[in-house]
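Given next are the chains, with one letter for each unit.
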Amino acid sequence: MNISRQSAVRPAARGTERSSARRAELIAIGRRLFADTSYDALSMDDIARQARVAKGLIYYYFHSKRGYYLAIIEDSVAGLVSFAADGAGLPPVERVHRTVDSYLRYAEHNQAAYRAIVSGGVGFDTEVHAIRDGVREAIVATVAEGAYGRTDIAPVARMGLLAWVCSVEGAALEWIDRGELSRETMSELLVKTLGGAMRAIEELDPAHPAPAPARRDA
């Protein structure tokens, strides 16, 4: 009885694994395609031909070109957030440094995906903008936990950190375009600007004191 149950389950499990692997492969292909060509310039026929797959396979997994594009954006977002949130077991200050460095490392090594996330997709795309906003909130939560030891912060603190995250997006785009600073220097610069944001937050809301390394008198 046990043997028959196992043999009935295993093929389905293998099929699921193959399906997930195939979907991930198509997303990786899509990242490369959309990195070199605009969304509007790529038809489903173009995508299928360049990916060397049947067009029906893309429809099977993603239903439409837009569904395919959103899946690529969401996968890129998951990668960025996991990079930035890495190091949860580190002391708070070290975690902030790790978060900033990991964020820049992702932008540096996944430039097309990063640009798509930050720019908000094709034109004014509300769904992609919502995905991007989710990334911002995730980074704010990660920094807040590292700096304050919690994520349930007051509106002033949240807005201060969100303003910093938005400035980081623009600076990171300029950084990967110009390549004038090392990642280490860029990371240190962003950490210092974060310290300034935290001092401003403390001035407006003393319930959120800046961590010791961010204080001028430290």
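Quick note: structure is the one above.
All of the points below concern the structure found in this document. On a predicted model such as this, the values are computed, not experimentally measured, just so you know.

A few points about the environment of G134
Now for step 1: Within the secondary structure layout, G134 lies in helix 7 (residues 126-148).
Now for step 2: Assessed through its relative accessible area of 37%, G134 is described here as partly exposed.
Now for step 3: Remark: the alpha-carbon pair of G134 and V81, spanning 53 residues in sequence, is separated by 9.6 Å.

Some details on the environment of A71
Now for step 1: Within the secondary structure layout, A71 lies in helix 4 (residues 65-84).
Now for step 2: Along the sequence, A71 and Y61 sit 10 residues apart, while their C-alpha atoms lie 9.8 Å from each other.

Some details on the nonpolar core
Now for step 1: With 62 residues, the main nonpolar core has Y68, L161 and W164 as its most contacted residues.
Now for step 2: Beyond its immediate stretch of four places on either side in the chain, W164 contacts V100, V143, L190, T193, L194 and A197.

Some remarks on the environment of R150
Now for step 1: In this fold, R150 is placed in the loop between helix 7 and helix 8 (155-178).
Now for step 2: With relative accessibility at 30%, the residue R150 sits in the partly exposed group.
Now for step 3: Not counting residues within four places of it along the chain, the set of residues in contact with R150 comprises A144, E145, A207 and H208.

Brief notes about the packing of helix 7 against helix 8
Now for step 1: Orientation of helix 7 relative to helix 8, taken along the N-to-C sense of each, is 120 degrees, at an axis distance of 9 Å. With respect to their mutual orientation, helix 7 and helix 8 come out oblique. Like other packed secondary-structure pairs, helix 7 and helix 8 cross with a definite hand, here right-handed. In this structure, helix 7 uses R136, E137, I139, V140, V143, A144 and Y148 to contact helix 8, whose residues at the interface are R158, L161, L162, W164, V165, C166 and E169.
Now for step 2: Each residue belonging to the contact of helix 7 with helix 8 can be placed in one class, and the counts come to 10 nonpolar, no polar and four charged.

Cut-offs and rules
Going along each chain's sequence as written, the residues are numbered from 1 onward. In view of the model being predicted, local features appear only for residues whose pLDDT reaches at least 70, and side-chain atom pairs are presented and counted only at 80 or more, with totals across whole chains, interfaces and linings using the full set of residues. For side-chain calculations, the full set of non-hydrogen atoms in the structure is used, while hydrogens and water are omitted. Helix and strand definitions follow DSSP, with helices as H or I runs of at least four residues and strands as E runs of at least two, each counted in order from the N terminus. Three labels apply to residues, based on accessible area from a 1.4 Å probe with only protein chains included: buried if under 20% of the type maximum, exposed if over 50%, partly exposed otherwise in between. Take the buried Ala, Val, Leu, Ile, Met, Phe, Trp, Tyr and Cys residues and link them wherever side-chain atoms come within 4.5 Å; each set so joined is a nonpolar core. Contact definition: two residues touch when any of their heavy atoms are within 4.5 Å. Interaxial angles span 0 to 180 degrees and are taken between N-to-C directions of axes, which are lines fitted to C-alpha atoms, for helices over the stretch in contact. Any angle that is under 35 degrees is reported as roughly parallel, and any over 145 degrees as roughly antiparallel; angles of 65 to 115 degrees are reported as roughly perpendicular and all others as oblique. Should the near helix be turned counterclockwise from the far one by less than a right angle, the crossing is left-handed, whereas a clockwise turn marks it as right-handed. Amino acids outside the nonpolar list (Ala, Val, Leu, Ile, Met, Phe, Trp, Tyr, Cys, Pro) and the charged list (Asp, Glu, Lys, Arg) are all regarded as polar, and Gly is one of them.

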